[in-house]
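# Coordinate analysis (summary)
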Amino acid sequence: MLAIVVLVVVLAIFAIGYRTYASYLADRVYALDAARPTPAHTMQDGIDFVPTNKHVLFGHHFTSVAGAAPIVGPAIAVFWGWVPALLWVTLGTVFAAGVHDFGALVVSVRNRAQNIGTLTRSVINTRSRTLFLIIIFFLLTLVNAVFAVVIGNLFVANPGAVIPIVVEIPLAIAIGQWIYRTRTAALIPSLVGVAVLYLLILVGNAYPVTLDNLAETLGMGPRTLWIIALFVYAFIASRIPVWVLLQPRDYINSHQLFIALGVIFLGLLVGLDRIVAPAINTNLPDGTPSFFPFLFVTVACGAISGFHSLVASGTTSKQLDKETDAKHVGYLGAIGEGSLALGAILATTAGVAAVGLDWGELYPDFATASGGAVGNFVQGIAGFASHLGVPADLGTIFAAVVVISFAATTMDTGVRLQRYIIQELGDLVAAGRGGIAGRFRDATRNLTAVTAMAVVVPLALALAPAGGEAEAQGYAFGRLWTLFGTTNQLTAGLALAVVAVWVTRGGRNATAQLVPLAFLLVMTVWALVLNLRTFIEDRDWILAPLDAIILVLALWLVVEAVLAIRRARAGDVGDPTEIGADDRRGAPAATITDPEGRAR
């Protein structure tokens, strides 16, 4: 089949979903109100709470949630066949991810921009809050570890991408300062930033940067040194105000989605590439994980991802200017993620053939498919770019820059969110206690100490040896990816449970949340049980206990959610639209100031 046909059909479905289903959710389920002051106004502090233009905020939200996962997951899942992977991405984006991301953002905005874990206390009960926060802590640890390894691998394999990525940081800071000090629109400066970024690809190609010599001097591998450098950077980036680096760089990176999709679309149109992978792979070798449930946890981001609820309720909700902007930011952000996953499917099933690669040799077994997923995507994008006259070496660097940009932004946000979670857990542990618990709480209130905590644990996991066949990929990518995907989908299901209870308590129809919720819980619990058996058989005494703990916490929280929904349907609680909220209708809006404190 011609890949261009698949691209047009799926993008048309996404457009229809946004125009119809997202509007239904906005009007009938989430009941958005543009006149209701948001926490970005009522709690403005110039650091985390900053009213932000919806297009700029879309850039932050999308690039924070995108990362490498919507590329890696689909690029692995096509091993089972491109049709099932494509169906899950398409239907999951419209009916699961859009509902989940949109809903988590709205519920958080209605509740003083609290994160989804804290909201569990108000919506379900206090005990559930602790359970969910612990699960979120595990998820963020896995996310930060996995993405660091992915970026480290890409820097080692594509040294020409180093200069563009490194220079993007001061470039984004300069653009952010220009926007805030001159009060100009962000579009033109960010487009200039993208142009400079891509011009630097020529520089990077001419002057590739490696850390081989320095790594050898320090007695470590180059990937290990890159991983350490990435966490040092994340430590710094997650401490500074969002408007200094996060927002301007995210807006620059958001344009890369459209550029990458443009390269895919035009490349397919010019090259008329055909999909060379099997629609359904019936030639699976022994030892391949079963299609059910593992396809639905391998493709997490790009279909539905619990990490999105953490971003939506952790940073995005603090910057939403108007409630009605939530549709544009939340649902359209999910579509952006689905579009990137679509691009990954096409790149790894059609684009790779454009550079002369044999699909069967790239996907002989599941282990090879997993280890080569990012590389296959990069080669596929280079193949599409070659139809447009872009040399293969420059096309490869371009694709690597896109992946690294998204993944690095997710690390920034992930470490920042981990800091929030550790602080909340510190308050819970030390509630009414002194001694060690009190000292732990005091440490979590110190910005330097708590950020260090948020960095050290995923760094240790990222550097842990994998052993066996997974050694070349590192522990995070060789072993943790399976548990990451399962935990990520489980978090999405639990977030949908919170949103479903909130909607039900408002007397509205929660079917849009309950259907994907039921499906995800079945798939994730099934996968957790199968993984637990595998980890025990492999004597993996790190992942086996983690898997067991997450499974127990999840089942416990599901029971609590079911009981809360039953109580809500029985009418035992009131209107949830303002649970614990200070930003209720009629509350005076705070004076809007810029980060310098000037009234606007």
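Residues numbered from 1 in each chain as written. Predicted model: local features only at pLDDT ≥ 70, side-chain atom pairs only at ≥ 80, totals over all residues. Heavy atoms only, no water.

### Things to note about the overall build of the chain
Under the convention used in this document: We count a stretch as a helix when DSSP gives it H or I for four or more residues in a row; a strand needs E for two or more, and each element gets its number in order from the N terminus. Under the scheme applied here, a residue whose accessible area is under 20% of the maximum for its type counts as buried, over 50% as exposed, and between as partly exposed, the area being computed with a 1.4 Å probe on protein chains only. Contacts are assigned to residue pairs that have any heavy atoms within 4.5 Å of one another. All accessible areas in this document rest on Shrake-Rupley with a 1.4 Å probe, and a residue is counted as covered only by the protein chains that are shown. Here the positive residues are Lys and Arg and the negative ones are Asp and Glu; neither His nor the chain ends is included. For this purpose, a charge sits on NZ of Lys, CZ of Arg, CG of Asp or CD of Glu.
A count of helices and strands for the chain gives 24 helices and zero strands. Over its C-alpha atoms, taken along the principal directions, the chain stretches across nearly 65 × 60 × 55 Å. When burial is assessed residue by residue, the chain has 62% of its 600 residues classed as buried. A separation of at least 24 residues holds for 86% of the contacts in the chain among residues at least 6 apart in sequence. Summed over its atoms, the accessible surface of the chain is roughly 21200 Å², and 64% of this surface lies on carbon and sulfur atoms. Separation of charge centres in the chain, based on 36 positive and 37 negative side chains, amounts to 11 Å.

### So, the packing of aromatic side chains
For the record, the criterion: The aromatic pairing rule takes the rings of Phe, Tyr and Trp, using the six-membered ring of Trp, and pairs them if the centres are within 6.5 Å, calling planes under 30 degrees apart stacked, those over 60 edge-to-face and the rest tilted. Note on criteria: charge over ring means Lys NZ or Arg CZ within 6 Å of the ring centre, with the direction from the centre no more than 35 degrees off the ring normal.
One pass over the full model with this rule turns up 18 aromatic pairs. Here the aromatic cluster, defined as three or more aromatic residues joined through ring pairs, consists of Trp88, Phe291, Phe292, Phe296 and Phe519. The positively charged end of lysine 327 is found above the aromatic ring belonging to tyrosine 18, 4.8 Å away from the centroid. When the ring centre of tryptophan 502 is taken as reference, the NZ or CZ atom of arginine 508 above it lies at 5.4 Å.

### Section: a nonpolar patch on the surface
Applied cut-off: Only residues whose relative accessible area exceeds 30% and that take part in no salt bridge are eligible for patches, with like-charged residues grouped when within 9 Å of each other and nonpolar side chains (Val, Leu, Ile, Met, Phe, Trp, Tyr) grouped when within 5 Å. Here, a salt bridge means any Lys or Arg side-chain nitrogen found within 4 Å of an Asp or Glu carboxyl oxygen.
On the surface, Val8, Phe265, Leu266, Leu269, Val270, Leu388 and Val390 cluster together into a nonpolar patch covering about 550 Å² of accessible area. Take the nonpolar patch: its biggest share by element is four residues, from helix α12 (residues 246–271). Inspection of the secondary structure assignment puts leucine 269 in helix α12. For leucine 269, a relative accessible area of 47% gives the class partly exposed.

### What to know about the confidence of the model for the chain
To be explicit about the condition: For every residue, the pLDDT score states the predictor's confidence, bounded by 0 at the bottom and 100 at the top.
The predicted model of the chain has a mean per-residue pLDDT of 85, with 91% of residues at 70 or higher. Helix α5 (residues 82–110) holds the highest mean pLDDT among the elements of the chain, 97, whereas helix α20 (residues 435–444) holds the lowest, 69. The model gives residues 573–600 a pLDDT under 50, and that stretch makes 68 contacts with residues more than four places away or in other chains.

### Notes on unusual backbone geometry
Residue proline 293 is reached from phenylalanine 292 by a cis peptide bond, and omega for that bond is 5 degrees. Along the chain, proline 293 falls in helix α13 (residues 291–298). Positive phi is not limited to glycine here, since alanine 31 has a value of about 50 degrees. The topology assignment puts alanine 31 in the loop between α1 (3–29) and α2 (39–42). Phi angles above zero are rare outside glycine, and leucine 272 is one such case at about 50 degrees. Mapped onto the elements, leucine 272 comes out in the loop between α12 and α13.

### Some points on the packing of helix α15 (residues 325–354) against helix α18 (residues 373–386)
Threshold: Angles here are taken between N-to-C directions and fall from 0 to 180 degrees, while the axes themselves are lines fitted to C-alpha atoms, restricted in helices to the stretch in contact. Angles are sorted into four bins: roughly parallel if under 35 degrees, roughly antiparallel if over 145, roughly perpendicular if 65 to 115, and oblique for all others. Take the far helix as your reference; a near helix turned counterclockwise from it by less than a right angle gives a left-handed crossing, and one turned clockwise gives a right-handed crossing.
At a minimum axis distance of 7 Å, the contact between α15 and α18 shows a crossing angle of 65 degrees. As summarised for this structure, α15 and α18 are arranged roughly perpendicular, according to the angle between their axes. The handedness of the crossing between α15 and α18 comes out as left-handed. In this structure, α15 contributes Gly343, Ala344, Leu346, Ala347, Thr348, Ala350, Gly351, Val352 and Ala354 to the contact, and α18 contributes Ala373, Asn376, Phe377, Gln379, Gly380, Ile381, Gly383, Phe384 and Ser386.

### Some remarks on the pattern of salt bridges
Taken as a whole and assessed by the stated rule, the structure comprises four salt bridges. Among the salt bridges present, the one from glutamate 323 reaches arginine 110, with a minimum N-O distance of 2.6 Å. One end of the pair, glutamate 323, is in the loop between α14 (306–314) and α15; the other, arginine 110, is in helix α5, with 213 residues separating them in the sequence. Since its relative accessible area comes to 2%, glutamate 323 is described here as buried. Classification of arginine 110 by relative accessible area gives buried; the value is 2%. When the shortest N-O distance is used, the salt bridge between aspartate 412 and arginine 249 registers 2.2 Å. Pair noted here: aspartate 412 is in helix α19 (residues 392–429) and arginine 249 is in helix α12, with a separation of 163 residues, a long-range link. Across the pair, exposure class does not vary: aspartate 412 and arginine 249 are buried alike.

### Section: α15
In an α-helix, one turn spans 3.6 residues, which is why side chains three or four residues apart end up on the same side. The criterion, for reference: Any helix carries an expected span of 1.5 Å times its number of residues minus one. We define the bend at each residue as the angle formed by axes fitted to the 7 residues ending at it and the 7 residues starting at it.
Between its first and last C-alpha atoms α15 spans 40 Å; for 30 residues at 1.5 Å apiece the expected length is 44 Å, and the two agree. Where α15 bends most, at alanine 347, the angle is about 45 degrees. Directly after α15, the chain includes glycine 356, whose backbone phi takes a positive value near 80 degrees.

### Structural notes on helix α9 (residues 187–206)
Spanning 20 residues, α9 covers 30 Å between terminal C-alpha atoms, matching the ideal 28 Å at 1.5 Å per step. Where the residues of α9 are buried, they touch α8 (162–182), α12 and α19.

### Considering the environment of proline 465
As for its position among the elements, proline 465 is in the loop between α21 (447–463) and α22 (474–505). Linking proline 465 and isoleucine 240, residues 225 residues apart in sequence, is a C-alpha distance of 32 Å.

### Quick notes on empty space enclosed by the protein
Threshold: Grid spacing is 1 Å over the protein atoms alone, the probe is 1.4 Å, and a cavity is where that probe fits but cannot get out, while a pocket is an open set with protein on both sides within 12 Å along at least five of seven lines and lining residues have an atom within 4 Å of a point. Grid points are joined across faces, edges and corners, and a volume is the space filled by probe spheres set on the points. Throughout, the ten residues Ala, Val, Leu, Ile, Met, Phe, Trp, Tyr, Cys and Pro are labelled nonpolar, Asp, Glu, Lys and Arg are labelled charged, and all others, Gly among them, are labelled polar.
Taken as a whole and assessed by the stated rule, the structure comprises three cavities of 30 Å³ or more. As a volume, the largest cavity reaches approximately 60 Å³. Asn115, Ile116, Ile136, Leu140, Leu310, Ser313, Gly314, Leu417, Tyr420 and Ile421 are the residues that line the largest cavity. When contributions to the lining of the largest cavity are tallied by element, the ones reaching two or more residues are α7 (126–157), α14 and α19. Residue composition of the lining of the largest cavity, by class: seven nonpolar, three polar and no charged.

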